[in-house]
Amino acid sequence: MATDSFLLPVRDVIKETAEAHSIVFEVPEDAKHAFQPKPGQFLTVAVPSDRDGLAARCYSLSSAPGDPLTVTVKRTVDGYASNWICDNLRPGDTLRVLPPSGIFTPADIDADFLLFAGGSGVTPIISIARSALREGTGRIVVFYANRDERSVIFAEEWARLAAEHPHRLQVVHWLESVQGLPTGEQLKAFAADHLTYDAFVCGPAPFMKATVAALKELEFPRARRHQEKFASLGGNPFGDIAPVEEAEAEIVDGIAQQPVTLEIELDGTTTTYDDWDPGTPMLDFLESKGIKAPYSCREGECSACAFRLLEGEVKMVRNDVLEQEDLDDGIRLGCQSLPTTDTVRGTYS
């Protein structure tokens, strides 16, 4: 069992719609130091499985920092974990959970936000909106697309928030049953009045693709355009760590040939090491130094371990989640990164 996972009691299970349930966790005193989420992050949860012992799944937090820790899970067709949670989980049960992870978070809570959500993609979006309304000062505009009225998650909560913050929050519901699927031109027209806002996009892949394309056409800069990544975990982040020798052999010709200097910033603290073995992934090296760097799958299939490269370069053994734009923006996966230069600087901020 991973040393940084925690057994969390379930305080409540809330039926949001016929297909979506919110799971409210109790966080014991000895785990509170590890569960200090940022708005828009996710939890990795171990769901019992007769086939594999457990199924590891990532679910976005719908709660804002300071609220009871809550994820919202929507059933997916043939989705074992989501259906198990919705059918079986009850208050008083416990689940093993990794601390919050993810980079789908605002850099400035006082910014103006343009939030696009499709279906269950509303989960991190409402986390960001709740946080910004409570802690920030900017305006928030939400475009929320669903199949029909019954599919709208947090419908009453959105109405309450809009009524309480009429001058700061605007929520537009788009229903496929009434308006059809939103087109690129319609998404572009909606976003055109908010060109100075920070845009966040989360939802089904076609919805995200169309929305991001619209934002690009409007020349939203990459620094103000954020897209959540979804990937099923193929590994088990709660079990023993698999050896990395085979993966390293694939790129040994490209990595540095002597110990590397690593300067890394995490949680406001910058630390420098002069003995990073170039054959050891950055995450493993930091853990050997006692640094609690974020991670989830350890297989390059999620973005939990993502950091921003500030100087130097690394080569990733595997990458199933970052797109070229992310790479151009300096984002790398800590669990897969081997150094190719003598000095590497990075930050998890």
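Calculation criteria
- Residues numbered from 1 in each chain as written.
- Predicted model: local features only at pLDDT ≥ 70, side-chain atom pairs only at ≥ 80, totals over all residues.
- Heavy atoms only, no water.
- Helix = DSSP H or I, 4+ residues; strand = E, 2+ residues; numbered from the N terminus.
- Buried < 20%, exposed > 50% of the residue type's maximum accessible area, 1.4 Å probe, protein only.
- Areas by Shrake-Rupley, 256 points an atom, 1.4 Å probe, with all protein chains shown as cover.
- Contact = heavy atoms within 4.5 Å.
- Expected span 1.5 Å × (residues − 1).
- Arc of directions from axis to C-beta.
- Polar contact = N/O pair within 3.5 Å; in protein donor to acceptor, adjacent residues only side chain to side chain.
- Pairing = 2+ DSSP bridges.
- Axes fitted to C-alpha atoms, helices over the stretch in contact; angles between N-to-C directions.
- Phe/Tyr/Trp six-rings, centres within 6.5 Å; stacked < 30°, edge-to-face > 60°.
- Lys NZ or Arg CZ within 6 Å of the ring centre and 35° of its normal.
- pLDDT = per-residue confidence, 0-100.
- Salt bridge = Lys/Arg side-chain N within 4 Å of Asp/Glu carboxyl O.

(A) Geometry of the overall build of the protein. Along its length, the protein carries nine helices and 18 strands. Burial analysis of the protein (349 residues in total) assigns 52% to the buried set. Surface summary for the protein: the accessible area is close to 16,100 Å², and the carbon and sulfur share equals 48%.

(B) Summary view of the environment of Thr-272. Note that Thr-272 resides in strand 13 (residues 269–276). By relative accessible area, which is 46% here, Thr-272 ends up partly exposed. In this structure the C-alpha to C-alpha distance between Thr-272 and Val-344, which are 72 residues apart in sequence, comes to 9.8 Å. With near-sequence residues (within four places) excluded, Thr-272 lies in contact with Thr-261, Leu-262 and Glu-263.

(C) Broad picture of helix 6 (residues 205–217). With 13 residues, helix 6 extends 18 Å from end C-alpha to end C-alpha; this agrees with the ideal 18 Å at 1.5 Å per step. When helix 6 is considered as a whole, its buried residues turn out to be Phe-207, Met-208, Thr-211, Val-212, Ala-214 and Leu-215. Buried residues of helix 6, viewed axially, fall in a sector of 155°; they line one side. In this structure, helix 6 carries Ala-205, Pro-206, Lys-209 and Glu-217 as exposed residues pointing more than 90 degrees from its buried face. Buried residues belonging to helix 6 abut strand 7 (113–118), strand 8 (140–146), helix 5 (184–191), strand 10 (198–202) and strand 11 (225–227).

(D) Just the side chain of Glu-157, in detail. Here Glu-157 is to be found in helix 3 (residues 155–164). When its relative accessible area of 17% is taken as the criterion, Glu-157 is described as buried. At a separation of 3.2 Å, a polar atom in the side chain of Glu-157 contacts the side chain of Arg-130. Only 2.8 Å separates the side chain of Glu-157 from the side chain of Arg-160, close enough to count as a polar contact. Among residues more than four places away in sequence, those in contact with Glu-157 are Ile-126 and Arg-130.

(E) Looking closely at the environment of Ala-81. With respect to the helices and strands, the residue Ala-81 is situated in helix 1 (residues 80–88). Sequence separation between Ala-81 and Arg-57 is 24 residues; the distance between their C-alpha atoms is 7.2 Å. Here Ala-81 is in contact with Val-47, Arg-57 and Tyr-59, once residues within four sequence places are set aside.

(F) Summary view of the sheet that holds strand 12 (residues 260–266). If you trace the five strands from one edge of the open sheet to the other, you get 13-12-18-14-16, paired in mixed fashion. If you trace the sheet from one side to the other, it starts and ends with strand 13 and strand 16 (331–333), each paired once. On average, each strand axis in the sheet is inclined to that of its neighbour by 35°, with strand direction left out of account. The pairing of strand 14 (residues 306–311) with strand 18 (residues 343–347) spans three bridges and is antiparallel. Bridging across to strand 18, Arg-308 finds its partner in Thr-347.

(G) Structural context of the packing of aromatic side chains. What the rule picks out here adds up to 10 aromatic pairs. For the ring pair Phe-6 and Phe-35, a centre distance of 5.5 Å and an interplane angle of 75° mean the geometry is edge-to-face. With Phe-6 in strand 1 (residues 6–15) and Phe-35 in the loop between strand 2 (20–25) and strand 3 (42–49), this pair connects stretches of sequence that are 29 residues apart. Residue Phe-35 is classed as buried on the basis of its relative accessible area, which comes to 6%. An aromatic cluster of at least three residues, connected via ring pairs, comprises Phe-116, Phe-143, Trp-174 and Phe-190. Its guanidinium or amino end placed over the ring of Phe-154, Arg-130 lies 5.6 Å from that ring's centre, counting from NZ or CZ.

(H) Quick peek at the confidence of the model for the protein. Averaged over the protein, the pLDDT score is 88; the fraction of residues at 70 or greater is 90%. Below a pLDDT of 50 lies the segment residues 240–253, which in the model reaches 12 contacts outside its immediate sequence neighbourhood of four places, other chains included.

(I) Representation of the pattern of salt bridges within the structure. If you walk through the whole model with that rule in mind, you get 18 salt bridges. A salt bridge links Arg-147 to Glu-19; the shortest N-O distance between them is 3.8 Å. One end of the pair, Arg-147, is in the loop between strand 8 and helix 3; the other, Glu-19, is in the loop between strand 1 and strand 2, and 128 residues separate them in sequence. Here Glu-19 falls in the partly exposed class, since its relative accessible area comes to 31%. The shortest N-O distance in the salt bridge between Glu-217 and Lys-188 comes to 2.8 Å. On the criterion of sequence distance, the pair formed by Glu-217 in helix 6 and Lys-188 in helix 5 is long-range, its members being 29 residues apart. For Glu-217, a relative accessible area of 53% gives the class exposed. Bridged by salt links that share partners, the residues Glu-19, Arg-147, Asp-148 and Arg-150 form one connected network.

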